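Letter by letter, the chains look like this.
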Amino acid sequence: MLILAIDTSAVASAALVSDDAMEGVVGNFSTEDTRSHAEVLAPGINRMLAEAGITGPDIDAIVTGVGPGPFTGLRSGIATARTLAFVWQKPLYGMMSLDAVALEVAESTEAAPEFIVATDARRKEVYWARYTLEEGQLPQLVDGPHVGFAADVPDLPAYGAGAGLYPDALRANADFSSEQPDALYLGQFALARLAAGGELPDSTPLYLRESDAQVPGPRKRAL
Amino acid sequence: MNGNEPLVLGIESSCDETGVGIVRGTSLLSNTVSSSMEEHVRFGGVIPEIASRAHLDALVPTLQQSLAEAGVTLEEVDAVAVTAGPGLAGALMVGVCAAKALAVATGKPLYAINHLVAHVGVGVLEADGERAGVLPQNLGALLVSGGHTEILRIRSITDDVEMLGSTIDDAAGEAYDKVARLLGLGYPGGPAIDRLARTGNAKLIRFPRGLTQPKYMGTAEEPGPHRYDWSFSGLKTAVARCVEQFEARGEPVPVADVAAAFQEAVVDVITSKAVLACRENGITSLLLGGGVAANSRLRQLTGERCSAAGITLHVPPLDLCTDNGAMVAALGAQLVMAGIGPSGIAFAPDSSMPVTTISA
Ligand SMILES: [Zn+2]
């Protein structure tokens, strides 16, 4: 099974993962930048497909990170994934973006049995979720995702760029203190879940925050 | 690619309408629009984040429906065009990402298009069996909507468009929304005020016409700094003050008269400056575009003043005046037919794209 995975919840990234390929990776790319997704994502995907010699018909499913993440960037990936899935007529799945970091943690020697993944939610807040990990298993999401102040996050080892931003409030793991969700891990997580007969959610974004719009109050009378 | 009559699919998402339209050369095949207007009603104006969320959910269904209505497949499409700006940054992003994905998935060339110039692009479409096909010589365009108020000169729609004047603060449609809220008439303000104004007496109150003083206007030979520009924020304040004065005196607010006088002030200053710009720039044909083209008084007074000045006025069908994908496709087809190259897929949406940039 060949999956095209896309995530723009923080940086822009995409990957081709397959259970037939060595280490599962057919191709991938990611940017450092968190603000130019609309420019870089499509050229990045185009180049990755060309380099791997993959075309639309070769792909079995598309997976997109559904956040949480800053809204405009997040939508870039979902709009791209939805359109590709429509044109190529492929099944489309969503994955919670923090799962990408959780899998990366699980595959490292740094893993703790219970931990937090946190990313930057801007406005002095973080997006976070709590995971548990058992030997040889995929990380299990037990709480979240949430958005809130770092000081209000449970006191557990914390991984990801959100933890790195608030070292006083979170028990940030130094090796992961600038780690962002990456489509490569998201795709591998999705592949593992599908292979295990699991189901994946749809591509509905996890905004976690309402729009800032205020319903205007009644106009003050001059009297 | 079919260079004579290219099949072009256009995507629009610069404000609160998600539009996908398909044209073949200058023939309109489909024009599908999904609006998030209802979701903005309780806020009294377009909320960018709400519009962006709605675009994301509407885009693929609108695309699918537009293809079905046109009776064409994506394989048959020669090129894709998308609004790259100006507009709301987050809203533009959704259409741009979808269009780029379309280009990646199909390998079709992509044109990143200027929204304002696209409003003029509908002028080439053949509507109701009437043949248009080419734009008239010495063409101007007056665009009036909730997002813009501009007068353009079009020497060539594919490579020479100039902004003669524009609003320096609120768009005219925005002023309608704000005044409608002030008068308790709901959102969108344009239709509500237009309807009520018919029963009011516009002559009972005189509201200011912005930027009409000599220091702004200058003369034809020595134009002032805002000869063809508009300003509506002072007008909005004047209406608020007027309403407060009635209330302070304990008198009922003559809502219909205030609406009529406000509408007259807007329409008078828009049309007088637009016609002035036309006369002084050799424009003999004027195209009206934007959602406020639906306003009955604007159409009437623009018509009267244009004919008095010997200017031919074109008002496209209303569903082509409001924001839509067909206008983007129409301009895209013009660019293809003129042999202008595509934009590629690395361009950035530009929320303040100037009209001199017709495509990126
Ligand atoms: Zn418009």
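About the criteria used
- Residues numbered from 1 in each chain as written.
- Chains lettered and ligands numbered in written order.
- Predicted model: local features only at pLDDT ≥ 70, side-chain atom pairs only at ≥ 80, totals over all residues.
- Heavy atoms only, no water.
- Pairing = 2+ DSSP bridges.
- Helix = DSSP H or I, 4+ residues; strand = E, 2+ residues; numbered from the N terminus.
- Axes fitted to C-alpha atoms, helices over the stretch in contact; angles between N-to-C directions.
- Contact = heavy atoms within 4.5 Å.
- Buried area = accessible area lost by both parts, 1.4 Å probe.
- Salt bridge = Lys/Arg side-chain N within 4 Å of Asp/Glu carboxyl O.
- Polar contact = N/O pair within 3.5 Å; in protein donor to acceptor, adjacent residues only side chain to side chain.
- Nonpolar A, V, L, I, M, F, W, Y, C, P; charged D, E, K, R; others polar.
- Buried < 20%, exposed > 50% of the residue type's maximum accessible area, 1.4 Å probe, protein only.
- Domains from an automatic or database assignment.
- Left-handed = near helix turned anticlockwise from the far one by under 90°.
- Donors = N, O, S within 2.8 Å, 3.2 Å for Na, K, Ca; no water.
- Tetrahedral: all angles 85-135°; square planar, octahedral: opposite > 155°, others 65-115°.
- Parallel < 35°, antiparallel > 145°, perpendicular 65-115°, else oblique.
- pLDDT = per-residue confidence, 0-100.

**Considerations on the sheet that holds strand β10 (residues 312-314) of chain B**
As a general point, the strands of a sheet are linked pairwise by backbone hydrogen bonds and lie either parallel or antiparallel.
Residue and element names in this part refer to chain B.
Moving on, step 1. With mixed pairing, 5 strands are arranged side by side in an open sheet as β8-β7-β6-β9-β10. Strands at the two margins of the open sheet, each flanked by one partner only, are β8 (160-166) and β10. Each strand axis lies, on average, 25° off the axis of its neighbour in the sheet, ignoring direction.
Moving on, step 2. Of the pairings in the sheet, the one linking strand β9 (residues 285-289) to β10 comprises 3 bridges and is parallel in character. Within the sheet, the bridge partner assigned to Leu286 lies in β10 and is Leu313.

**Let's talk about the interface of chain B and chain A**
Moving on, step 1. Residue-level contacts link 36 residues of chain B with 34 residues of chain A.
Moving on, step 2. Of all residues in chain B, Arg53, Leu56 and Glu247 of chain B bury the most surface against chain A, accounting for 22% of the area lost on that side.
Moving on, step 3. Along the contact surface separating chain B from chain A lie 2 salt bridges.
Moving on, step 4. Close ionic contact of Arg75 of chain A with Glu49 of chain B constitutes a salt bridge, the shortest N to O distance being 2.9 Å.
Moving on, step 5. Across the chain B-chain A interface, the total number found is 6 residue pairs in polar contact (both at pLDDT 80 or more).
Moving on, step 6. Elements represented by at least two residues in the side of chain B that touches chain A include exactly α2 (48-70), α3 (89-106), α5 (172-182) and α8 (233-248) of chain B.
Moving on, step 7. The leading source of residues in the side of chain B that touches chain A is α3 of chain B, at 11 residues.
Moving on, step 8. Residues that form the side of chain B that touches chain A fall into these classes: 24 nonpolar, 4 polar and 8 charged.

**A closer look at the pattern of salt bridges**
Moving on, step 1. Overall, the coordinates contain 18 salt bridges over all chains when judged by the stated rule.
Moving on, step 2. Ionic pairing is found between Arg130 of chain A and Glu114 of chain A, a salt bridge with its closest N-O pair at 2.4 Å. Remark: Glu114 of chain A occurs in strand β6 (residues 114-120) and Arg130 of chain A occurs in strand β7 (residues 126-132); sequence separation between them is 16 residues.
Moving on, step 3. By relative accessible area, which is 27% here, Glu114 of chain A ends up partly exposed.
Moving on, step 4. Close ionic contact of Glu251 of chain B with Arg249 of chain B constitutes a salt bridge, the shortest N to O distance being 3.1 Å.

**Quick notes on the domain arrangement of chain A**
Residue and element names in this part refer to chain A.
Moving on, step 1. For chain A, the assigned domains are domain 1 (2-97 + 181-195) and domain 2 (98-176).
Moving on, step 2. Taking only C-alpha atoms into account, the centre of domain 1 sits 22 Å from that of domain 2.
Moving on, step 3. Each side of the interface is counted separately: domain 1 has 18 residues, and domain 2 has 17 residues.
Moving on, step 4. Where domain 1 meets domain 2, there are 1 salt bridge.
Moving on, step 5. A salt bridge links Arg193 to Asp99; its shortest N-O distance comes to 3.5 Å.
Moving on, step 6. Seen at the junction of domain 1 and domain 2, the total is 5 residue pairs in polar contact (both at pLDDT 80 or more).

**Let's talk about the packing of helix α2 (residues 71-88) of chain A against α3 of chain B**
Moving on, step 1. Interaxial distance between α2 of chain A and α3 of chain B falls to 8 Å at its minimum, and their mutual angle equals 35°. α2 of chain A and α3 of chain B meet at a crossing whose hand is right-handed. The residues of α3 of chain B that touch α2 of chain A, namely those facing Thr72, Arg75, Ser76, Ala79, Thr80, Thr83, Leu84, Val87 and Trp88 of chain A, are Gly90, Met93, Val94, Cys97, Ala98, Ala101, Leu102, Val104, Ala105 and Thr106 of chain B.
Moving on, step 2. A per-class count over the contact of α2 of chain A with α3 of chain B returns 12 nonpolar, 6 polar and 1 charged.

**Regarding the coordination of the zinc ion**
Residues and elements named next belong to chain B.
Moving on, step 1. For the zinc ion, the protein coordination sphere consists of His115 (NE2), His119 (NE2), His148 (NE2) and Asp323 (OD), at 2.1 to 2.4 Å.
Moving on, step 2. The coordination sphere of the zinc ion comprises 4 donor atoms, whose angles at the metal cover 90 to 158°; the geometry is irregular.
Moving on, step 3. Linear spacing of the donor residues for the zinc ion on their chain is H-x3-H-x28-H-x174-D. Taken together, the positions of His115 in helix α4 (residues 115-121) and His148 in the loop between β6 (139-144) and β7 (149-156) put the pair 33 residues apart, joining distant regions of the chain.

**Examining the packing of helix α1 (residues 37-52) of chain A against α3 of chain B**
Moving on, step 1. Across the interface, α1 of chain A lies against α3 of chain B with an axial gap of 9 Å and an inter-helix angle of 15°. It follows from the interaxial angle that α1 of chain A and α3 of chain B lie roughly parallel. Note that α1 of chain A runs across α3 of chain B; the crossing there is right-handed. Side by side, α1 of chain A and α3 of chain B meet where Ala38, Glu39, Ala42, Ile45, Asn46 and Leu49 of chain A of the first sit next to Met93, Cys97, Lys100 and Val104 of chain B of the second.
Moving on, step 2. Of the residues that constitute the contact of α1 of chain A with α3 of chain B, the class distribution is 7 nonpolar, 1 polar and 2 charged.

**Side note on the confidence of the model for chain B**
Moving on, step 1. Chain-level pLDDT for chain B is 95 on average; 98% of the residues reach the 70-or-more range.
Moving on, step 2. In the model output, the complex is listed with pTM 0.95 alongside ipTM 0.95.

**Topic: unusual backbone geometry**
Moving on, step 1. Here the bond from Gly67 of chain A into Pro68 of chain A is cis, since omega is 10°, no more than 30 degrees from zero.
Moving on, step 2. Secondary-structure assignment places Pro68 of chain A in the loop between β4 (61-65) and α2.
Moving on, step 3. The omega torsion across Tyr187 of chain B and Pro188 of chain B is -5°, close enough to zero to call that bond cis.
Moving on, step 4. Within the element layout of this structure, Pro188 of chain B appears in the loop between α5 and α6 (189-197).
Moving on, step 5. Of note in this structure, Lys124 of chain A is not a glycine but carries a positive phi near 60°.
Moving on, step 6. In this structure, Lys124 of chain A sits in the loop between β6 and β7.
Moving on, step 7. Notably, Asn138 of chain B is not glycine yet its phi reads approximately 50°, a positive angle.
Moving on, step 8. Along the chain, the position of Asn138 of chain B falls in the loop between α4 and β6.
Moving on, step 9. The exposure class assigned to Asn138 of chain B is partly exposed, which follows from its relative accessible area of 43%.

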